[in-house]
Amino acid sequence: MNDRPPITSAGAERLRAELDRLRNAERPRVIRAIGEAREHGDLRENAEYHAAREEQSFLEGRIAEIESQLARAQIVDPATLAAGGRVVFGATVGLVHLDSGEESDYQIVGDLEADIAQGRLSVSSPFARALIGQHAGDTVTVHAPGGDREYEILRVEYR
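J.: Account for the pairing of strand β7 (residues 147-157), with residues named and values stated.
T.: The side chains of a regular strand alternate between both faces of the sheet. The sheet contact formed by strand β3 (residues 92-97) and β7 spans 6 bridges and is antiparallel. Paired with Val-93 across the strands is Val-156, a residue of β7. As paired strands, strand β6 (residues 139-144) and β7 are joined by 6 bridges and run antiparallel to one another. Residue pairing for β7: Val-142 is matched across the bridge by Arg-149. Linking two consecutive strands that pair antiparallel, namely β6 and β7, is a turn of 2 residues.

Here's what the structure looks like:
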């Protein structure tokens, strides 16, 4: 595994926003819930207390995970890339599926920020690996579990 996994500047900002929300909204809420549950008496049989402590444990784990990810990550601003029209990490790629004619846009991002529903493909995914190094006008074949799929690259943007 890469010691410094890449992440786009937008992905790093999303992680920072989540970290801020967890530290400044969720953590105080859970601490209040633990305090309220303590007031209900015997902690050994207090389900509210145990649930709040479990939530606190999960929350603190997520905070530590995000802090570690941000500390290790190599942040890349796609707008500063000079890749000569090639598909590289951070690029947004406009594609057309050659069989269906369906068009879609995907950004090649790090594993930490991949979200196919949001159009963010992990750089380590087979789909992204098929696109890396290609240019607008190129046709790529993506080997998918349901069979090979061909796409034409319509555009490559760095935003």
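Having seen the structure, we can now continue with the description.
J.: Go over the sheet that holds strand β4 (residues 103-109) with me, naming the residues and quoting the values.
T.: Taken together, the 5 strands give an open sheet; going across it, the order is β5-β4-β3-β7-β6, and neighbouring strands pair in mixed fashion. At either margin of the open sheet sits one strand with a lone partner, and together these are β5 (120-122) and β6. When the angles between neighbouring strand axes are averaged without regard to direction, this sheet yields 45°.

J.: Kindly report on the side chain of His-97, identifying the contributing residues and their values.
T.: Tracing the backbone shows His-97 in strand β3. Not counting residues up to four positions away in its chain, the partners in contact with His-97 are Glu-102, Arg-149, Glu-150 and Tyr-151.

J.: Hey, could you go over the packing of aromatic side chains for me, with residue numbers and the actual values?
T.: On inspection of all chains with the given rule, the structure shows 2 aromatic pairs. Ring pairing ties together the aromatic residues Tyr-106, Phe-127 and Tyr-151, which thus form one cluster.

J.: Would you mind going over helix α2 (residues 47-72) in detail, with residue names and values included?
T.: In this model, α2 (26 residues) spans 38 Å end to end at C-alpha, consistent with the 38 Å of a helix rising 1.5 Å per residue. Taken together, the buried positions of α2 are occupied by Tyr-49, Ala-52, Gln-56, Leu-59, Ile-63, Ile-66, Gln-69 and Leu-70. Considering only its buried residues, α2 is in contact with α1 (9-38). Two or three places before Glu-48, at the start of α2, stands the capping residue Asn-46, its side-chain oxygen 3.2 Å from that residue's backbone nitrogen.

Reading guide: rules and limits
Residues numbered from 1 in each chain as written. Predicted model: local features only at pLDDT ≥ 70, side-chain atom pairs only at ≥ 80, totals over all residues. Heavy atoms only, no water. Pairing = 2+ DSSP bridges. Helix = DSSP H or I, 4+ residues; strand = E, 2+ residues; numbered from the N terminus. Axes fitted to C-alpha atoms, helices over the stretch in contact; angles between N-to-C directions. Contact = heavy atoms within 4.5 Å. Phe/Tyr/Trp six-rings, centres within 6.5 Å; stacked < 30°, edge-to-face > 60°. Expected span 1.5 Å × (residues − 1). Buried < 20%, exposed > 50% of the residue type's maximum accessible area, 1.4 Å probe, protein only. Polar contact = N/O pair within 3.5 Å; in protein donor to acceptor, adjacent residues only side chain to side chain.

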